[in-house]
Amino acid sequence: MLNVDPSSLTGTVLAVQANYYWVKLHDSAVEVASQDSQSIIPATLLCTRRTRLKKVGQQVMVGDRVRVEEPDWAGERGAIAQVFPRQTELDRPPIANADQLLLVFALEEPTLDPIQLSRFLVKAESTGLSICLCLNKADLVTKETQSEWGDRLQEWGYDPEFISVYEQVGLEAVQARLQNQITVVSGPSGVGKSSLINHLIPAAEMRVGAVSGKLGRGRHTTRHVELFELPQGGLLADTPGFNQPDLDCTPEELMSYFPEVRQRLAEDSCQFSDCLHRDEPNCAVRGDWERYDYYLMFLEEAIHYQESLEQMRDAESTTKVKVGEAGQRHTEPKLETKKYRRPSRRSQKQELQDWYQQDIDELMTDED
Ligand SMILES: Nc1nc2c(ncn2[C@@H]2O[C@H](COP(=O)(O)OP(=O)(O)OP(=O)(O)O)[C@@H](O)[C@H]2O)c(=O)[nH]1
Ligand SMILES: [Zn+2]
């Protein structure tokens, strides 16, 4: 008979497969349980979800902190009885309570492209998580190139780690930034994400990897999300975060994703509250900061995005749902709504940006 305080048995969901959840018990829970039980307390339990949770539609995500009931220590089983409120929630990959993104780029092979990097940074900013930027393959560039990039990125508002997985340089600093955090890895293809992950998570820790197969190639094809334990504490999602750097943000959102804009608006304000920082008079943001042109380029995209949102909204309000005889629903246009179409305005910048997008899409296409 167990005397464990039922509320103390908490853990974090590391992986989800069908209706099963791999829950890593929190150290405190293991400690309490060990005092009360003769059995060896396993580090992870394979859990089901209580019917009660299913009934209220409570989903369980990787990263969720949960309370487990009715542990079967010998069988290493349990049941999730409660999901604690989430601090953060990512869509792609679906992960709860992530603290930060580990954005990995290479200095060479492929050559660091400031526009592609900015695109990823903007996307990373849009998650609201903190960003740890790692520039890998430092072995391929000179110290001067590294310090140039270092200064440049400081100006952008970032504090990158220069690393070389090959030469094992800078990896302790990365480890320190991952400690006790839930981190999601992201970055374009070929920059060394897998190499870095394999370094950070020793093979011995990959036991849970049996859930999804080995970490490494193939992890992209499964679209399976799993958190791995870092030896010094903390969890790392093996699935690279967003691979599609479509910005999908409105102009207003976009500006908040540039540290340079945030900083300028904290010190001063524009004459117009809805200033897009393009050519409006008395703008506090427009200026000779390096990424201002990228801002303008992404702004075009954000404006298009907003327009497409508005068009969708218009389309919704110009159709009505009809219910047919058999109860089937279909939409048909409402009468007498005036139709207006915006002239498609494709500036040079937009074309340039499309070109980059195409480039990135090609880069992003996995082998699967
Ligand atoms: N010179 C150098 N090459 C590296 C370094 N780290 C990784 N590489 C090489 O870069 C290539 C890509 O590494 P991966 O770890 O597969 O990169 P990835 O980001 O996981 O790539 P995808 O699986 O396509 O997303 C491989 O040939 C690695 O051996 C490094 O520090 N220096
Ligand atoms: Zn402005």
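Residues numbered from 1 in each chain as written. Chains lettered and ligands numbered in written order. Predicted model: local features only at pLDDT ≥ 70, side-chain atom pairs only at ≥ 80, totals over all residues. Heavy atoms only, no water.

K.L.:
Describe the environment of N180, naming the residues involved and giving the relevant values.
P.N.:
Topologically, N180 is positioned in the loop between α5 (171-178) and β11 (182-186). Those residues in contact with N180 that lie beyond four places of it in its chain are D99, Q232, G233 and G234. (Helix = DSSP H or I, 4+ residues; strand = E, 2+ residues; numbered from the N terminus. Contact = heavy atoms within 4.5 Å.)

K.L.:
So what's going on with the sheet that holds strand β8 (residues 100-106)? Which residues, and what values?
P.N.:
Strands sit in the order β10-β9-β8-β11-β13-β12 across an open sheet of 6 strands; the sheet is mixed. Looking at strand neighbours, the two that pair on one side only are β10 (161-162) and β12 (227-229), the edges of this open sheet. Taken together, the 4 bridges between β8 and β11 define a ladder with parallel strand orientation. Directly across from L102, in β11, lies its bridge partner V185. (Pairing = 2+ DSSP bridges.)

K.L.:
Account for the sheet that holds strand β3 (residues 44-49), with residues named and values stated.
P.N.:
The sheet built from 5 strands closes into a barrel, its strands ordered β1-β2-β3-β5-β4 with mixed pairing. Here the average twist between neighbouring strands, direction ignored, is 50°. Of the pairings in the sheet, the one linking strand β4 (residues 65-72) to strand β5 (residues 77-83) comprises 5 bridges and is antiparallel in character. Within β5, the position partnered with V66 by the bridge is V83. (Axes fitted to C-alpha atoms, helices over the stretch in contact; angles between N-to-C directions.)

K.L.:
Break down the packing of aromatic side chains for me, with residues and values.
P.N.:
Going through the model one piece at a time under the given rule, you end up with 8 aromatic pairs. Judged by centre distance (6.4 Å) and plane angle (40°), the ring pair of W289 and Y295 falls under tilted. Summarising the burial analysis for this pair, W289 and Y295 share the class buried. An aromatic cluster of three or more residues is present, and its members are F258, W289, Y292, Y295 and F298. Sitting above the plane of the W149 ring, R152 keeps its charged end 4.4 Å from the centroid. (Phe/Tyr/Trp six-rings, centres within 6.5 Å; stacked < 30°, edge-to-face > 60°. Buried < 20%, exposed > 50% of the residue type's maximum accessible area, 1.4 Å probe, protein only. Lys NZ or Arg CZ within 6 Å of the ring centre and 35° of its normal.)

K.L.:
Just give me the short version of the coordination of the zinc ion (ligand 2), but keep the residues and values in it.
P.N.:
Bound to the zinc ion (ligand 2) on the protein side are C270 (SG), C275 (SG), H277 (ND1) and C283 (SG), at distances that span 2.1 to 2.4 Å. Each of the 4 donor atoms bound to the zinc ion (ligand 2) contributes to angles spanning 101 to 114°, and the resulting shape is tetrahedral. Between consecutive donors of the zinc ion (ligand 2), the numbers of intervening residues give the motif C-x4-C-x1-H-x5-C. Note on accessibility: C275 and H277 belong to one class, buried. (Donors = N, O, S within 2.8 Å, 3.2 Å for Na, K, Ca; no water. Tetrahedral: all angles 85-135°; square planar, octahedral: opposite > 155°, others 65-115°.)

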